[in-house]
Amino acid sequence: MVENNYWNSKIETLTKTELKKLQLKRLKSIVSHCYNNSSFYKKKFDKSNLKPSDIRNLADLEKIPFTVKNDLRDNYPLGMKAAKMDDLVEIHASSGTTGNPIIGSYTSEDMTIWEELMARTIYTAGGRKSDVLHNAYGYGLFTGGLGFHYGAQKLGSLIVPISGGMTQKQIKLIKDLKATILCCTPSFAVYLAEVMAKQGIIPSKDLDLRIGLFGAEPWSERIRERIQKELSLEAFDIYGLTELFGPGVSIECNQHDGLHIWEDHFLIETIDPKTGEVLPSGEEGELVFTTLTKNALPMLRFRTRDISVIKEEKCACGRTHSRMLKIRGRSDDMLIIRGVNVFPSQIESVVMGFPELATQYQIIVDRPGALDTFTINVELRNLELYNQINHEKLKNGIKNKIRDITSLSAAINIVQCGELPRSAGKAKHVLDLRKGKM
Ligand code: ADP
Ligand code: ZN
């Protein structure tokens, strides 16, 4: 790999020993910063009889209690901050399904780091100054839109800040401005491809797209295959969350074998989501992040609820920063149906395996009596198929595959093309109607 494939070759290729040294130095400093500037962390440390000076090496991290999403909600809006109000220059917030949203706050130093991280992230996926980034992530409180915006500007690329929605206008601008990089959720990419196909646009001939930066929600390898083919681009998975700046925490390199986590800014652990026990790297579990350089809202051992596996080995691209495998799902998205653990991503990979089906699907779980019902709504890929296919045969095919991977028998509903809801942001695939009935 040639030198100029790195945004910052010195940082991205540090040896593990050098990386660990840097992490320890930064960990000690962020722990003192938290203790001295955030009443939330000071209380937490005092309660556990812990002093910043007790953190002497990276293994001491385990002494620090976890931080959870509810800590942020309970301290809404800015109760956890570790900087003076006067030093805050920006806030963002997560969509937050119920209750108070989670607010991320940033000092101007934090903004500079985030911008750098996003530039490095886009660069790792192959984005360059000469690129035109079509940014369909939502602008506003959501970290997606502005995160890409700042990173692209740092890189010097041309950014089209279209935000979400307005599908027709999106397609027109992608075409007319000769966008080379598409940034949006994978669900929106699928939708764009669908609308383009209806309009007779052939991306390989009519568009200049070469890279897609897709994230903010879990998506399967099957979806990747479809998006790559239908939009004629190379799709990269990008991960991040409001609590850790936003996007720019990790990104796939050209090897597409996991997402490099920028370990000079984040310490990563995997834990058993049930017991909180730290797992050896290589085992699947919940990702826990400690931010090493964020000032306004540092996160010490933040439990993401995202399930993945960490690979520490050096990557063929030459980068030394560990990789996380594609997120399997959120621990709180995991459905327990008739006692069996099911991740929506498992269902997705089955649905995507049937060429007759569109990428939209819905999982509906209910409990009308004593037993859970488990229904999957799938949609046909085009209108003509409705009269061409053998519905029973297709239903049974899907049902058998679902049984193979979950051991559950599901009711399959095939609906006409275009009937299931589309999303410009994060898709909602699960309707759990049991809530309140259990
Ligand atoms: P929320 O979705 O909780 O309102 P955020 O906008 O901060 O808040 O989203 C962060 C969450 O989105 C992550 O914790 C993760 O569950 C999900 N996410 C982000 N990027 C990815 C990705 N590439 N793959 C899977 N899930 C992702
Ligand atoms: Zn790599």
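One can find the structure itself at the top, above this paragraph.
All of these numbers come straight from a predicted model, not from anything done at the bench.

Novice: Before we move on, can you summarise the overall build of the protein chain with the specific residues and values?
Specialist: Each helix and strand counted, the protein chain has 13 helices and 21 strands in total. In summary, the protein chain has a C-alpha radius of gyration of 22 Å against a globular reference of 22 Å for 438 residues, a match within 12%. The principal-axis extents of the C-alpha atoms in the protein chain amount to approximately 70 × 60 × 40 Å. A burial count over the protein chain gives 55% of its 438 residues as buried. Here the protein chain displays about 19,000 Å² of accessible surface, and carbon together with sulfur accounts for 51% of that area.

Novice: Just give me the short version of the coordination of the zinc ion (ligand 2), but keep the residues and values in it.
Specialist: Cys 253 (SG), His 260 (NE2), Cys 315 (SG) and Cys 317 (SG) make up the full set of protein donors to the zinc ion (ligand 2), lying at 2.1 to 2.3 Å. For the zinc ion (ligand 2), all donor residues lie on one chain, and their spacing in sequence is C-x6-H-x54-C-x1-C. Each of the two residues, Cys 315 as well as Cys 317, counts as buried.

Novice: Help me get a handle on the pattern of salt bridges, residues and values and all.
Specialist: Under the definition given, this model contains 25 salt bridges. A salt bridge links Arg 381 to Glu 230, with the shortest nitrogen-to-oxygen separation between them at 2.3 Å. Of the two residues, Arg 381 sits in the loop between strand E19 (373-380) and helix H12 (385-388) while Glu 230 sits in helix H10 (residues 221-231), which places them 151 residues apart along the sequence. We classify Arg 381 as partly exposed; its relative accessible area is 34%. Taking relative accessible area as the criterion, Glu 230 reaches 28% and is therefore assigned partly exposed. A salt bridge links Glu 286 to Arg 303; the shortest N-O distance between them is 2.7 Å. Here Glu 286 is found in strand E11 (residues 285-291), whereas its partner Arg 303 is found in strand E12 (residues 302-308), with 17 residues between them in sequence. There is no split in this pair, since Glu 286 and Arg 303 are both buried. Salt bridges linked by common partners bring Arg 367, Asp 372, Asp 432 and Arg 434 together as one network.

Novice: Describe H10, naming the residues involved and giving the relevant values.
Specialist: Taken together, the buried positions of H10 are occupied by Ile 223, Arg 224, Arg 226, Ile 227 and Leu 231. Looking straight down H10, one finds that the buried residues subtend no more than 165° of arc, so they occupy a single side. After H10 finishes, the residue Ser 232 shows a positive phi value of roughly 55°.

Novice: A description of the sheet that holds strand E18 (residues 357-366) should follow, citing residues and the corresponding values.
Specialist: Within the open sheet, the four strands sit side by side as E20-E19-E18-E21. Their pairing is mixed. The sheet is open, and its two edges are formed by strand E20 (411-415) and strand E21 (430-432), each paired on a single side. When strand polarity is set aside, the average angle formed by the axes of neighbouring strands in this sheet is 20°. In the sheet, E19 pairs with E20 via five bridges, with the strands oriented parallel. Bridge assignment links Ile 376 to a residue of E20, and that residue is Ile 412. The strands that helix H13 (residues 391-406) touches are E18, E19 and E20; relative to E20, the one it contacts most, it runs at about 135°.

Novice: Hey, could you go over the sheet that holds E11 for me, with residue numbers and the actual values?
Specialist: Within a sheet, adjacent strands bond to each other through the backbone by hydrogen bonds, running parallel or antiparallel. The strand order across the open sheet formed by four strands is E10-E11-E12-E15, and the pairing between neighbours is antiparallel. Pairing within the sheet leaves two strands with one partner each, and these edge strands are strand E10 (266-271) and strand E15 (329-330). Both E12 and E15 contribute to a ladder of two bridges, which runs antiparallel. Residue pairing in the sheet places Asp 306 in a bridge with Arg 330 of E15.

Novice: So what about the packing of aromatic side chains? Which residues, and what values?
Specialist: Inspection of every chain in the model, using the stated rule, returns 11 aromatic pairs. Taken together, the aromatic side chains of Tyr 239, Phe 245, Phe 266 and Phe 289 make up a single cluster linked through ring pairs. The ring of Phe 66 carries Arg 303 above its face, with NZ or CZ at 5.5 Å from the centroid. Stacked on the ring of Trp 219, the Lys or Arg Lys 326 has its end atom at 3.7 Å from the ring centre.

Novice: Could you give me a rundown of the environment of Met 352, with the residues and numbers involved?
Specialist: One can find Met 352 in helix H11 (residues 344-352). Separated by 214 residues in sequence, Met 352 and Gly 138 have C-alpha atoms that sit 26 Å apart. Among residues more than four places away in sequence, those in contact with Met 352 are Ser 220, Arg 222, Ile 223, Arg 226, Ala 358, Thr 359 and Tyr 361.

Novice: So what's going on with the side chain of Glu 348? Residues and values would help.
Specialist: For Glu 348, the position within the fold is in helix H11. An unpaired buried charge is present at Glu 348: no salt bridge exists, and Lys 326, the closest side chain of opposite charge, is 7.6 Å distant. Leaving out residues up to four positions away in the same chain, Glu 348 has contacts with Trp 219, Ser 220, Ile 223, Tyr 361 and His 429.

Novice: Please set out the packing of helix H7 (residues 167-176) against helix H8 (residues 186-198) residue by residue, giving values where relevant.
Specialist: Where H7 meets H8, the closest approach of the two axes is 11 Å, and the angle between their N-to-C directions is 80°. In terms of their interaxial angle, H7 and H8 are classed as roughly perpendicular. Of H8, the residues touching H7 (which contributes Thr 167, Gln 168, Gln 170, Ile 171 and Ile 174) are Phe 188, Tyr 191, Leu 192, Val 195 and Met 196.

Rules used in this analysis
- Residues numbered from 1 in each chain as written.
- Chains lettered and ligands numbered in written order.
- Predicted model: local features only at pLDDT ≥ 70, side-chain atom pairs only at ≥ 80, totals over all residues.
- Heavy atoms only, no water.
- Helix = DSSP H or I, 4+ residues; strand = E, 2+ residues; numbered from the N terminus.
- Rg over C-alpha atoms; globule rule 2.2 N^0.38 Å.
- Buried < 20%, exposed > 50% of the residue type's maximum accessible area, 1.4 Å probe, protein only.
- Areas by Shrake-Rupley, 256 points an atom, 1.4 Å probe, with all protein chains shown as cover.
- Donors = N, O, S within 2.8 Å, 3.2 Å for Na, K, Ca; no water.
- Salt bridge = Lys/Arg side-chain N within 4 Å of Asp/Glu carboxyl O.
- Arc of directions from axis to C-beta.
- Pairing = 2+ DSSP bridges.
- Axes fitted to C-alpha atoms, helices over the stretch in contact; angles between N-to-C directions.
- Contact = heavy atoms within 4.5 Å.
- Phe/Tyr/Trp six-rings, centres within 6.5 Å; stacked < 30°, edge-to-face > 60°.
- Lys NZ or Arg CZ within 6 Å of the ring centre and 35° of its normal.
- Lys, Arg positive; Asp, Glu negative; His and termini not counted.
- Parallel < 35°, antiparallel > 145°, perpendicular 65-115°, else oblique.

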